[in-house]
Structure formats: C-alpha cells, structure tokens
Amino acid sequence: MDSPCIQVCVIDTRSGLCGGCGRTLAEIAAWSTLAPGERHRIMSLLPERRRAAEAAAPAAAGD
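Since this is a predicted model, take the numbers as computed values, not measurements.

What counts and how
Residues numbered from 1 in each chain as written. Predicted model: local features only at pLDDT ≥ 70, side-chain atom pairs only at ≥ 80, totals over all residues. Heavy atoms only, no water. Helix = DSSP H or I, 4+ residues; strand = E, 2+ residues; numbered from the N terminus. Buried < 20%, exposed > 50% of the residue type's maximum accessible area, 1.4 Å probe, protein only. Contact = heavy atoms within 4.5 Å. Areas by Shrake-Rupley, 256 points an atom, 1.4 Å probe, with all protein chains shown as cover. Lys, Arg positive; Asp, Glu negative; His and termini not counted. Charge placed at Lys NZ, Arg CZ, Asp CG, Glu CD. Salt bridge = Lys/Arg side-chain N within 4 Å of Asp/Glu carboxyl O. 1 Å grid on protein atoms, 1.4 Å probe; cavity = no way out; pocket = protein on both sides within 12 Å on 5 of 7 lines; lining within 4 Å. Points joined across faces, edges and corners; volume = space filled by probe spheres on them. Nonpolar A, V, L, I, M, F, W, Y, C, P; charged D, E, K, R; others polar.

Participant: Describe the overall build of the chain, naming the residues involved and giving the relevant values.
Facilitator: When helices and strands are tallied, the chain shows two helices and zero strands. With respect to the three principal axes, the spread of C-alpha positions in the chain is 40 × 20 × 15 Å. Expressed as a percentage of its 63 residues, the buried residues of the chain come to 21%. Of the contacts made within the chain by residues no fewer than 6 positions apart, 42% connect residues no fewer than 24 positions apart. Element-wise, carbon and sulfur atoms account for 60% of the exposed surface of the chain, whose accessible area totals about 4,200 Å². The average position of the 7 basic charges and that of the 7 acidic charges among the side chains of the chain differ by 4 Å.

Here you go:
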C-alpha cells in the first residue's frame, strides 16, 4: 500500500498536520481503509500542504 509516512509522526498543533508526512490525523487513521485513488489524491496535496505549513510557521512563531 502506498503511504507518505516517513516515520516522523508528530502532529503540529497549529496546522493539525503530521510534521513528517503532512496528513491530518483523520487521514492517517483512515489510510488503510481508503481506496487507492483517494490515497493518491491526498498524496498529491501533501507537498503544497507542507510548504504552506512551513511558510506559516515563522509568522505564527512571532505572534
């Protein structure tokens, strides 16, 4: 089964995303039951999610 998991499982409280793979807790929990097409759809979103979370992190740290 395809998975973006890189064994760095830490949920960022600000973004709600895993710091390793970029998935939400709900996506991680449901991963094994999702259809392959849905897993691939989510995986295609992850690079942009991670970029957005990284871009927001410095601004949030200064709040």
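Participant: Give a detailed account of the side chain of Arg39, specifying residues and quantitative values.
Facilitator: Locating Arg39 in the fold gives a position in helix H2 (residues 36–61). Of the side chains bearing the opposite charge, Asp2 lies closest to the buried Arg39, which forms no salt bridge; the N-O distance is 6.4 Å. Residues within four places of Arg39 in sequence aside, it is in contact with Met1, Asp2, Trp31, Ser32 and Leu34.

Participant: So what's going on with the layout of surface pockets? Residues and values would help.
Facilitator: In this structure, the largest pocket spans a volume of roughly 190 Å³. Of the residues contributing to the lining of the largest pocket, the split by class is six nonpolar, three polar and four charged.

Participant: Let's hear about unusual backbone geometry: which residues, and what values?
Facilitator: Phi angles above zero are rare outside glycine, and Gln7 is one such case at about 65 degrees. Mapped onto the secondary structure, Gln7 falls in the segment before helix H1 (25–30).

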